[in-house]
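Structural features, examined
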Amino acid sequence: MLLAACLRGEPGRQLQMPELREADYYWIAGRIFANETGGKLRYLVHWNEGEDFPSMGIGHFIWFPEGVDAPFDESFPTMFEYVKGEVDECAPVPAWLAGDEVPDAPWPDKATFDAERDSDPAKGDSDRISSLRDWLAKTAPEQSRYIVANFAARWNALELDDKDVLTGVLQRLLSTPRGLFAVIDYSNFKGIGTNPRERYAGEGWGLVQVLGDIDPATDDGRLVARFSEAAADRLALRVANSPPERNEARWLPGWRQRTASYNDKAGRPELAELSAFRVPPYIAKISGSTATITWYSHGAAPGSLSLPDGTILAAEPGRACELAYHLLEFSQLEDAGPVPWRQSITIDGLESGRDYELSVQQDGEYAQVVLRMPDDDEAHFVVFADVETEPESTGEHVSWPAANDAERRYLVDQTTGYAANLASIVAKRPDFIAIAGDLVESGGEQRDWDEFWRHNAAVAATIPIVPALGNHDYFGGPGDFGGYRPDGTARSLAKYASYFDRGPYYVYEQGPLALVVIDGNNGLPERSDTDTNWYLDGTAPPWQPGSAQYEWLEKTLADAQREKAFTFVMFHGAPYTSGIHGRPPGIGDGLNFSSGLPLRELTPLFLKYGVDAVFNGHDEMYEHSVVAGREDFGEGEGAEHAVHFFTVGIAGDGLRGPDPLAENPQRVFLAHADAPERWSDDGILLDGGRHYGHLDVRIEHGDGNWRAKLEPVYVFPVMNAAGELQRFETRRYDDSVVLERPNDD
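Remember, predicted model here, so these are calculated numbers, not experimental data.

1. Side note on the overall build of the chain
For the chain, the count of helices and strands is 17 helices and 27 strands. Dimensions along the principal axes, computed over C-alpha positions, put the chain at roughly 95 × 65 × 60 Å. Burial analysis of the chain (745 residues in total) assigns 57% to the buried set. Restricting to contacts in the chain with at least 6 residues of sequence separation, those with at least 24 account for 69%. When the accessible surface of the chain is split by element, carbon and sulfur atoms take 48% of a total near 30100 Å². Separation of charge centres in the chain, based on 66 positive and 121 negative side chains, amounts to 4 Å.

2. Concerning the pairing of strand S25 (residues 705–719)
S25 sits mainly inside the fold: twelve of its 15 residues count as buried. Bridge count between strand S24 (residues 693–702) and S25: ten bridges; the pairing is antiparallel. Residue pairing for S25: Ile699 is matched across the bridge by Ala708. The hairpin turn running from S24 into S25, its antiparallel successor, is two residues long, and Asp703 in that turn takes a positive phi close to 55 degrees. Note that S25 and strand S27 (residues 737–742) share six bridges and pair antiparallel.

3. Structural notes on the sheet that holds strand S7 (residues 312–314)
Taken together, the four strands give an open sheet; going across it, the order is S7-S6-S10-S11, and neighbouring strands pair in antiparallel fashion. The outermost strands of the open sheet, each flanked by one partner alone, are S7 and strand S11 (365–372). Within the sheet, the average angular offset between the axes of one strand and its neighbour, ignoring direction, is 25 degrees. Across three bridges, the pairing between strand S6 (residues 304–306) and strand S10 (residues 355–362) is antiparallel. The partner of Ser306 across the bridge, within S10, is Ser359.

4. With respect to the packing of helix H11 (residues 414–428) against helix H12 (residues 446–460)
Closest axis-to-axis distance for the H11/H12 pair is 11 Å, and the angle between their directions is 15 degrees. Of the possible angle classes, the one that applies to H11 and H12 is roughly parallel. For the crossing formed where H11 meets H12, the hand is right-handed. Across from Thr415, Tyr418, Leu422 and Val426 in H11, the residues of H12 making contact are Glu451, His455, Asn456 and Val459. Of the residues contributing to the contact of H11 with H12, the split by class is four nonpolar, three polar and one charged.

5. Let's talk about the nonpolar core
Ranked by size, the top nonpolar core spans 83 residues in total, and within it Trp155, Leu211 and Phe227 carry the most contacts. Not counting residues within four places of it along the chain, the set of residues in contact with Leu211 comprises Trp155, Leu166, Val169, Leu170, Leu173 and Phe227. Residues Leu307, Met373, Ala671 and Tyr692 belong to the second largest nonpolar core, which totals 67 residues.

6. So, the packing of aromatic side chains
All told, the structure shown has 54 aromatic pairs when counted by the stated rule. Measuring from centroid to centroid gives 5.4 Å for Tyr410 and Tyr692, while their planes differ by 85 degrees, and the two rings are edge-to-face. Highlighted residues: Tyr410 in the loop between strand S12 (379–384) and H11 and Tyr692 in the loop between strand S23 (685–687) and S24, separated in sequence by 282 residues. Accessibility expressed as a relative area gives 2% for Tyr410, which makes it buried. With a centroid separation of 5.1 Å and 50 degrees between ring planes, the pair formed by Tyr505 and Trp552 is classed as tilted. In this pair, Tyr505 is assigned in the loop between helix H14 (486–500) and strand S15 (506–510) and Trp552 in helix H15 (residues 548–563), connecting sequence segments 47 residues apart.

7. Let's talk about the sheet that holds strand S3 (residues 61–62)
With respect to topology, three strands assemble into an open sheet ordered S1-S2-S3, the strand pairing being antiparallel. Sheet topology places strand S1 (45–46) and S3 at the edges, where each strand pairs with a single neighbour. Two strands pair when backbone bridges link them, and S1 and strand S2 (residues 55–56) are joined in this way by two bridges, in the antiparallel orientation. Residue pairing across strands places Val45 opposite Met56, the latter belonging to S2.

8. A closer look at unusual backbone geometry
The omega torsion of the bond from Leu524 to Pro525 falls at -5 degrees, within 30 degrees of zero and hence cis. With respect to the helices and strands, Pro525 occurs in the loop between strand S16 (513–517) and H15. In this structure, Asp386 takes a positive phi of about 65 degrees despite not being glycine. Even without a glycine there, the phi angle at Asp438 is positive, about 60 degrees. Relative to the helices and strands, Asp438 resides in the loop between strand S13 (432–435) and H12. Accessibility expressed as a relative area gives 1% for Asp438, which makes it buried.

9. Notes on the pattern of salt bridges
This structure, assessed with the given rule, holds 43 salt bridges. The partner of Arg246 in a salt bridge is Glu248, and the shortest N-O contact between them spans 2.8 Å. For Arg246, a relative accessible area of 23% gives the class partly exposed. Owing to a relative accessible area of 1%, Glu248 belongs among the buried residues under this scheme. Between Lys428 and Asp696 there is a salt bridge whose closest N-O contact spans 3.3 Å. You can see Lys428 sitting in helix H11 and its partner Asp696 sitting in strand S24, a full 268 residues away along the chain.

Analysis parameters
- Residues numbered from 1 in each chain as written.
- Predicted model: local features only at pLDDT ≥ 70, side-chain atom pairs only at ≥ 80, totals over all residues.
- Heavy atoms only, no water.
- Helix = DSSP H or I, 4+ residues; strand = E, 2+ residues; numbered from the N terminus.
- Buried < 20%, exposed > 50% of the residue type's maximum accessible area, 1.4 Å probe, protein only.
- Contact = heavy atoms within 4.5 Å.
- Areas by Shrake-Rupley, 256 points an atom, 1.4 Å probe, with all protein chains shown as cover.
- Lys, Arg positive; Asp, Glu negative; His and termini not counted.
- Charge placed at Lys NZ, Arg CZ, Asp CG, Glu CD.
- Pairing = 2+ DSSP bridges.
- Axes fitted to C-alpha atoms, helices over the stretch in contact; angles between N-to-C directions.
- Parallel < 35°, antiparallel > 145°, perpendicular 65-115°, else oblique.
- Left-handed = near helix turned anticlockwise from the far one by under 90°.
- Nonpolar A, V, L, I, M, F, W, Y, C, P; charged D, E, K, R; others polar.
- Core = buried A, V, L, I, M, F, W, Y, C linked by side-chain atoms within 4.5 Å.
- Phe/Tyr/Trp six-rings, centres within 6.5 Å; stacked < 30°, edge-to-face > 60°.
- Salt bridge = Lys/Arg side-chain N within 4 Å of Asp/Glu carboxyl O.

Below, the structure is given as structure tokens:
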């Protein structure tokens, strides 16, 4: 390692660095990134006005072009070599930097750099700059490690007359999270202070100078604040002494804001003990007589699964690079581990209708899975949509307009409502939970997936989840997270595919039913009256006639019509809705960028092949619509048939009312209109209204027919007169549907 190659001499008192966990390096990286770049990914590769060199990475490490000899320490080559030795397959080095030695910066001046950064009209940057920026974003935790290690090595190699005194002050600062960050950030920001060329009028501005301005007798409780003040004073002195032509005064307000942040009382949150499991084991898939159990571990050691007969199966772990945190998430993480390892085991030869108690071992920690293999003669599942988990949902009471459209907030927050919904479901022990899209708020934000599994890991250890992709699952996140741009959606899809090991469309079969899951998130042509998302271009598969998905859908529906008693279809956008997504497609007044109306083009296909019900979300309400037509049995035979469309976007996010610009003549029930609220004289809600819930679907066999009962369920919050939650009760809307099909066995 080259960290202290330029410093020699007999060290005095040695600095003892506190033991840092992985989460600490993420936290430090996030805050340094915010300070150096303003939280903008673009500035990970940057060239400041008036400087002779570019600055790279979270710490704006200096990289000299050939022939440049500025009075500052060049730090990029050393950082790059350190980080290159720390990373793995999740962050391959850009090909143009893969040589044995770090070259000089490839841009001789700022004009050349700026021209290359804006060289591609489509994406803005050249491949060279964009590949370096991506690598720097992915390796931020390793850069944080470098910053800490480099600081410790350089400090302990210093030879100073007053080093013992300064080290004493420094050691006290490092004993608290706020002090630790202040020291690490400032030393990276303005250097240690021992470079004789980093002086104006004989005065330096590095860490040594700041520490020298602090009275060693300063009380511990005031020490970080005094460091913040001393750093600000030193930077003001630098500006006062700087050559006028450099105009360094323009930087001083930002510098002062940065040093003031060192006294932020929030500091680093306390960390819980890290589990061996990033995501505990869950039932990823059941198909026929096989089942797949998946989990994610922090460590690379293979985990194992024990069967009831004593058989032990070993997993083959693979690095789940797709589950890395995005750099923009670092400052918001309460805890973080390294990129996890995906572990998965498929079990064969399982018997229908039998329960299997399984034990998963990972690094000495155990977790249980209860695998209930479904019975071929019946089926029971629930379906909802619009979970949209994110940490910010806790404490957030969503808008809950009254029947007269008066604004108000719902009685419980989203986290509490979703937990109650899941508790109601688990108590019924369904065979599976179908989610008609929008599992998370932003598919590209790992924090949102972490929140999803906080709620659902224990549930999925006994009940498998069968998902469809929603627009939020495609959404990379706001701003630099990528939105609906290809980089954002690609990151989102990779996370979804890792967790569920499914493509965008597939069929889930169990006994008498086929649940056909499709992806209706992107219609063609782009930005037309048949497009279902005007911001999502080219990532989601087309669904209209002539597309590969449509051809697959028609064949799958024909097979289901022939082989199964009931055929259900699930996708996210609601073709028949009274909500805001029932507006025509477009951007502007009276329109909606992700309208579900174009998906009505699939209705003739559903009628032709006798689809019994379609499950959607997108609009966060419970609504039931019916479209009548004719089922085609082939060879000129057929019969009258009706398809039931259920909008079930009531999992645990919004609780919207109808939109005045949406029209749905096929509607037969809307909770907002058809389940009026009843209130007591003292202001307690007694029943009715819009609440979180799900659709309960039970299929039974008897009397020569198959019978399916579909019941809309809501979890009702029972409150007292003080507005305090007492309990939840499982109730039903008056909109049950019973479907019958002949038993042709």
